[in-house]
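Results of the structural survey
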Amino acid sequence: MKMSKSTNPDLEAERKKCTFNTLELTHLLDGGAQRTEERHSRESFFLEDPELQSKVPLEYLSHKEKYEEAVRKACIIFRKVQELQSQGRGGMDNFREILGGQLGSAILKDGNPLTLHYVMFIPTLMGQGTIEQQAEWIQKAWNCDIIGTYAQTELGHGTFIRGLETTATYDASKEEFVLHSPTLTSYKWWPGGLGHSANYAVVLAQLYTKGKCYGIHPFIVQLRDEETHEPLSGIKIGEIGCKLGMNSTNNGYLGFDRVRIPRTNMLMKNSQVLSDGTYVKSPSSKLTYGTMIFVRVVIVQDAAHYLRKAVTIATRYSAVRHQSQIKPDQPEPQIIDFVSQQYKLFPHIATYFAFQYSGTWLWDVYNNVTSELEAGQLESLPELHAVACCLKAVSSADAAQGVEICRLACGGHGYMTSSNLPSTYGLVTAMCTYEGENTVLFLQTARFLVKSWQNRNNLQKFTTVRYLGNDLNRNRPFERSVEWIIYALQQTAARKIELASRHINERMSKGKAYEDAWNETSIELVAAAEAHCRSFIVETFYNTVNNLNVSKELKVVLVQLLNLYGVYTALRLTGDLLRFTTITGNDIETLQAWLEELLALIRPNAIGIVDSFDIRDEVLGSTLGAFDGNVYERLFEEASKSPLNSEPVNKSFKLYLKPFLKANL
């Protein structure tokens, strides 16, 4: 997007109000000044490459053209990633930013058809392949000699993995597995890049050997010829069609008609099938969780980044836009001066920080637990799995809601695709269903919580649920503090978990099977898991801010954001607080007044905070959120790019309008 020469005076004035050093916050969020410098270098390396520029705005391309342009760019991107690797600069940050971070979505605005190659295919080879299998496959994958995807979800089954219908039947006479899709609903459906991009896949299928089914296992399957890219015999493959967003991702379908693969193409780090068909069981069924948890960790971080983009766009626009009048004898104010507008924006700025810090906690714990798994230690895995599930659910749902609120906060202009808010919503709302539908994930967290409640006197090893060991009859008097809010949220979560557990037991005492009792209590269980997660997010935000070594000026702002997120969360749950704590109506009025005070305190620094996110205009991709604030000039410039404006009279006038008008004379 072409930069304007001058900056909007309203934005200039806002930046002069800032009370802290924005660069200090930028460095804090990046992880240090060196990391900021590395990010700037990475952004320049990709964004300033003329080959990665599009000649025509994405929205004016056909579905087929969007995919072809995405493949073109994806190949350039990965060539450049390989170039960085050859220079010794191929760290995890490069892959995160290009594959799922804000840089990748800036270049490929509607999805990357090759993302799953790095995000799922290679990690699965590394996590579930033997040393010999890794030696055979990983170098090919890293070099992009082959392009892979991850085929798990089917037309008839998604989150319920045990219900998958694709079969892999072992033929001991030939030492081969025979993959087959016995029904239409057994076709793989949704894997990114599967439609026309990948030539290999890790396929999840029901393993049969010696006449017995041993459940879901991963298999490496070649889908297309490595030279011609034609589908191999027995492979039925294609793209699933248009979606709300991510239409360049090339989500595909895949069916098998008795396709044979070598026995050694079963990934056997954990479970094995010997040449005679003997099945060797994994020491633990939980050893395969690693890849799944990794993706959910990434989703939490991506949800935070999408929300960050949206609040940057909406906050800058709100500082530039003048509308209505607060007092009839005064000029139209900036809409950011309306408290109702501040309420739409500032809590979501605070939410970004909450998700950023929770995501960092999750990433650190994931890496620690992964090291423990390699050493055969599984004790911490249930807690990590439970936190990853509920954090993925809360962060994706809240980010999707936050992006939509930001779009609405920009009025009609937010509906323009050039605002980048509609496409951002399309990307973030997809997170609510992929890699685990959110309700199902809450229920998985609830299983851990119910077990923890049953063992609440022995929770030393699980840090996130230690509060369940507290005396629930110990009432802490209300005070206007985040510490009290954390107590109240934990009290609420504990009470909800206690009630759900009790109601399961009551239903069982009346003759219900445990599974039926669980299902009939599922509404309460979901609510308990969500309450637990929200208390965890506030507490993690609180612990992080308290341990930061930053300037006094920045600490004041971060504490204000922490307080705002805490009170905003509490006020969203007033019914629960009234039900499970000693809070009163007057106390809630105190919380509401505190929230309004916090909005006023954050107001002078709002632009400074979003500026600190240091998002380049090319990454924002928004007419409304550019750094210079020249909204109206950019809107008009983008409108001029419409193909309909290339000629004063469209041919439809002569073909249809003119005959129609004459016929009605």
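The coordinates are above.
Report follows, based on the coordinates. None of these values were measured; they are calculated from a predicted model.

On to the nonpolar core, then. Formed by 167 residues in total, the largest nonpolar core has its most connected members in Phe46, Phe353, Leu561 and Phe613. If you look at the next biggest cluster of nonpolar residues, it comprises 23 residues, including Tyr170, Ile237, Leu254 and Val259.

The volume enclosed by the second largest pocket comes to roughly 1,000 Å³. In terms of lining residues, the second largest pocket is bounded by 35 residues, among which Pro57, Leu58, Glu59, Ala106 and Lys109 are the most central. Those elements giving two or more residues to the lining of the second largest pocket turn out to be helix H3 (33–47), helix H4 (63–86), helix H6 (102–107) and helix H12 (421–429). The element that contributes the greatest number of residues to the lining of the second largest pocket is H4, accounting for 4 residues. Considering only residue class, the lining of the second largest pocket consists of 13 nonpolar, 12 polar and 10 charged.

Counted according to the given criterion, the structure contains 20 aromatic pairs. Here the aromatic rings of tyrosine 352 and phenylalanine 353 are separated by 5.2 Å at their centres, their planes lie at 65°, and the arrangement is edge-to-face. Using a relative accessible area of 0% as the deciding quantity, one classes phenylalanine 353 as buried. Each residue in the set Tyr352, Phe353, Tyr357, Phe541, Tyr565 and Phe613 is aromatic and connected to the rest through ring pairs, giving one cluster. The residue whose ring lies beneath lysine 80 is phenylalanine 45, and the NZ or CZ to ring-centre distance is 3.8 Å. Its guanidinium or amino end placed over the ring of tryptophan 518, arginine 447 lies 4.1 Å from that ring's centre, counting from NZ or CZ.

Despite not being glycine, methionine 246 has its phi angle at roughly 55°, a positive value. Positionally, methionine 246 belongs in the loop between strand E7 (235–239) and strand E8 (252–256). A positive phi angle is found at arginine 258, which is not glycine, with a value near 50°. Of note, arginine 258 is situated in the loop between E8 and strand E9 (259–262).

The 3 strands are arranged E4-E8-E7 in an open sheet whose pairing can be described as antiparallel. At either end of the open sheet lies a strand with only one pairing partner, and these are strand E4 (188–189) and E7.

Inspection of the secondary structure puts lysine 392 in helix H11 (residues 381–409). Although buried, lysine 392 forms no salt bridge, and the nearest oppositely charged side chain, glutamate 437, lies 7.8 Å from it. Of the polar contacts made by the side chain of lysine 392, one reaches the backbone oxygen of glycine 436; its length is 2.6 Å. When residues no more than four places from it in sequence are discounted, the contact partners of lysine 392 are Arg296, Ile299, Val300, Met431, Cys432, Thr433, Tyr434, Glu435, Gly436, Asn438 and Leu441.

Attention now moves to the side chain of arginine 224. Of note, arginine 224 is situated in the loop between strand E6 (212–222) and E7. Among buried charged residues, arginine 224 stands out as having no salt bridge; its nearest opposite-charge side chain is glutamate 230, 6.1 Å away. Among the polar contacts made by the side chain of arginine 224, one reaches the main-chain carbonyl oxygen of glycine 195 at a distance of 2.8 Å. If we ignore the near neighbours within four places in the chain, the residues touching arginine 224 are Gly195, His196, Ala198, Asn199, His229, Glu230, Pro231, Leu232 and Ile237.

Another point: the packing of H11 against helix H13 (residues 438–454). Packing of H11 against H13 leaves a shortest axis separation of 8 Å and a crossing angle of 145°. For the element pair H11 and H13, the recorded crossing hand is left-handed. When H11 is examined against H13, the residues Pro382, Glu383, His385, Ala386, Cys389, Cys390, Lys392, Ala393, Val394, Ser396 and Ala397 are found in contact with a partner set consisting of Asn438, Leu441, Phe442, Gln444, Thr445 and Phe448. Its residues assigned to classes, the contact of H11 with H13 shows 10 nonpolar, 5 polar and 2 charged.

Attention now goes to helix H23 (residues 651–663). Note on helix geometry: an α-helix contains 3.6 residues per turn, so any two residues three or four positions apart are oriented the same way. The end-to-end C-alpha distance of H23 is 18 Å, a good match for the 18 Å that 13 residues give at a rise of 1.5 Å each. Leucine 657 marks the point of greatest bend in H23, at about 40°, and the proline proline 659 comes within the next four residues.

Bringing the pairing of strand E2 (residues 167–171) into the picture now. In terms of residue burial, E2 counts as a mostly covered element, since 4 of its 5 residues are buried. Pairing geometry for E2 and strand E3 (residues 176–180), over 5 bridges, is antiparallel. Bridge pairing links alanine 168 to leucine 179 in E3. Taken together, E2 and the strand that follows it, E3, pair antiparallel across an intervening segment of 4 residues, in which glutamate 175 is found at a positive phi of about 50°. Note: E2 against strand E5 (residues 200–209), 3 bridges, orientation parallel. Paired with threonine 167 across the bridge in E5 is glutamine 206.

What counts as what
- Residues numbered from 1 in each chain as written.
- Predicted model: local features only at pLDDT ≥ 70, side-chain atom pairs only at ≥ 80, totals over all residues.
- Heavy atoms only, no water.
- Core = buried A, V, L, I, M, F, W, Y, C linked by side-chain atoms within 4.5 Å.
- Buried < 20%, exposed > 50% of the residue type's maximum accessible area, 1.4 Å probe, protein only.
- 1 Å grid on protein atoms, 1.4 Å probe; cavity = no way out; pocket = protein on both sides within 12 Å on 5 of 7 lines; lining within 4 Å.
- Points joined across faces, edges and corners; volume = space filled by probe spheres on them.
- Helix = DSSP H or I, 4+ residues; strand = E, 2+ residues; numbered from the N terminus.
- Nonpolar A, V, L, I, M, F, W, Y, C, P; charged D, E, K, R; others polar.
- Phe/Tyr/Trp six-rings, centres within 6.5 Å; stacked < 30°, edge-to-face > 60°.
- Lys NZ or Arg CZ within 6 Å of the ring centre and 35° of its normal.
- Pairing = 2+ DSSP bridges.
- Lys, Arg positive; Asp, Glu negative; His and termini not counted.
- Salt bridge = Lys/Arg side-chain N within 4 Å of Asp/Glu carboxyl O.
- Polar contact = N/O pair within 3.5 Å; in protein donor to acceptor, adjacent residues only side chain to side chain.
- Contact = heavy atoms within 4.5 Å.
- Axes fitted to C-alpha atoms, helices over the stretch in contact; angles between N-to-C directions.
- Left-handed = near helix turned anticlockwise from the far one by under 90°.
- Expected span 1.5 Å × (residues − 1).
- Bend = angle between axes of the 7 residues up to and from the residue.

Take it as geometry only, folks, not as evidence of what the structure does.
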